[in-house]
Amino acid sequence: MQVTATHITQQVVAMVRYVSKYYSFKLSPFLNPYELAIAQNVIAQQPEAFGLNVSHFGGYLHAERQRLLLAPDYLVTDYQDFDLQLFEIIFNQKFVRLQHYQILGKLAHLGLDRNLFGDIITDGQRWQFIAEYQFQDLIRQEVTQIGNSKVTIKLQPLDHLLTIKNDFTNETIACGSLRLDAVIAAAFHQSRKNAKDLINSGHVFLNWEHERRSDYLLTVGDSVSCRGWGRLTILDFLGQTPTNKYKLYLKIFRH
């Protein structure tokens, strides 16, 4: 299910009103950075939010997907109030190599919307993911195979989180346009046609939302995810080359 800015706004306004009325805390589903930024902006504009304790957490510092917690300012909250559970996937590491998309697909196959589980992480060998605590029985019972590989799920405390392997690199690329298809093609060493086909097929996300406009003009701060190719974030615009190509400084991960 694609979550729109309007849906996030309505959800957050309802959370603020609930906490203000019942003097209790309220948790959101997992939000990506784009959705979290919308939520924080909405809260700042709500008079009823004055005096509320607003926090967010996704299981570890700088988690990409996080839950938003609203509470009256006199209630003391901590990470346990976010109702998070860390799951580790146990498999034969000698013969099996899991991929992020396989794990994501398996969780989606259980009927879990993307906003019901958080980051999927790896140290290069082992894999873990974070989800809402209430789904622990479902996940342990139903996730017994990923791809063609038999797996089991082990519950772990949050302080047993893996040391995350960072496969991103910072690179400078040159491209003839700031259009979405042109930047994707240059970053992943693909043809413009292949980039357009990927966009048209619904496999490209811009700032965590589907984007099918090949001619969308990117800017600094935009994040682009290309299913099967990788992810990039535009960190800076470095001007133009002598041949009038745009120089972009990227954080990029290639599958």
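Because the structure is a prediction, the values reported are computed rather than measured.

Each helix and strand in the protein chain was counted, giving six helices and 15 strands. With the C-alpha coordinates of the protein chain rotated into their principal frame, the extents come out at 60 × 55 × 30 Å. Counting across all 255 residues of the protein chain, residues that qualify as buried make up 44%. Across the protein chain, the fraction of contacts at a sequence separation of at least 24, relative to all contacts at a separation of at least 6, is 60%. On the protein chain, roughly 14,000 Å² of surface is accessible, and the fraction owed to carbon and sulfur atoms is 49%.

This part covers helix α2 (residues 33–44). Taking 1.5 Å as the rise per residue, α2 with twelve residues should run 16 Å; its terminal C-alpha atoms sit 17 Å apart, in good agreement. Three or more residues of α2 are buried, namely E35, L36, I38, A39, V42 and I43. The arc that holds every buried residue of α2, seen down its axis, measures 160 degrees, which confines them to one face. N-cap assignment for α2: the residue whose side-chain oxygen lies 3.0 Å from the backbone N of Y34 is N32.

Moving on, we get to the pattern of salt bridges. Proximity of charged atoms lets side chains of opposite charge pair with each other. Using the criterion set out here, one finds nine salt bridges in the structure. Measuring nitrogen to oxygen at the nearest pair gives 3.6 Å for the salt bridge that ties R67 to E132. Placement of R67 in strand β3 (residues 66–72) and of E132 in strand β6 (residues 127–132) is noted, with a sequence separation of 65 residues between them. Each member of the pair R67 and E132 is classed as buried. E171 is the partner of R254 in a salt bridge, and the nearest nitrogen-oxygen pair spans 2.9 Å. Here the residue R254 occupies a position in strand β15 (residues 246–254), and E171 occupies one in strand β10 (residues 169–175), the gap between them amounting to 83 residues. Take R254: its relative accessible area is 30%, and that puts it in the partly exposed class.

Turning to the nonpolar core, a few remarks are in order. Nonpolar side chains in soluble globular proteins tend to end up buried together. Counting residues in hydrophobic clusters, the biggest one holds 22 residues, and the most contacted among them are I184, F188, V204, V224, C226 and L232. The residues touching L232, leaving out its near neighbours within four places in the chain, are V183, A187, F188, D222, S223, V224, L250, K251 and I252. In this structure, F87, L110, F129 and A131 belong to the second largest nonpolar core, which totals 21 residues.

What follows concerns the sheet that holds β3. In space, the three strands of this open sheet follow the order β1-β3-β2, with antiparallel pairing throughout. Two strands bound the open sheet, and with one partner strand each, they are β1 (26–31) and β2 (52–57). Each strand of the sheet is rotated relative to its neighbour by a mean of 15 degrees, with strand direction disregarded. In this sheet, β3 lies alongside β2 in antiparallel orientation, the contact comprising six bridges. Pairing of H56 across the sheet is with L68, part of β3. Across the face of the sheet, helix α1 (residues 5–22) comes into contact with β1, β2 and β3 while running at roughly 160 degrees to β1. Of the strands in this sheet, β1, β2 and β3 touch α2, which is tilted by about 145 degrees from β1.

Reading guide: rules and limits
Residues numbered from 1 in each chain as written. Predicted model: local features only at pLDDT ≥ 70, side-chain atom pairs only at ≥ 80, totals over all residues. Heavy atoms only, no water. Helix = DSSP H or I, 4+ residues; strand = E, 2+ residues; numbered from the N terminus. Buried < 20%, exposed > 50% of the residue type's maximum accessible area, 1.4 Å probe, protein only. Contact = heavy atoms within 4.5 Å. Areas by Shrake-Rupley, 256 points an atom, 1.4 Å probe, with all protein chains shown as cover. Expected span 1.5 Å × (residues − 1). Arc of directions from axis to C-beta. Polar contact = N/O pair within 3.5 Å; in protein donor to acceptor, adjacent residues only side chain to side chain. Salt bridge = Lys/Arg side-chain N within 4 Å of Asp/Glu carboxyl O. Core = buried A, V, L, I, M, F, W, Y, C linked by side-chain atoms within 4.5 Å. Pairing = 2+ DSSP bridges. Axes fitted to C-alpha atoms, helices over the stretch in contact; angles between N-to-C directions.

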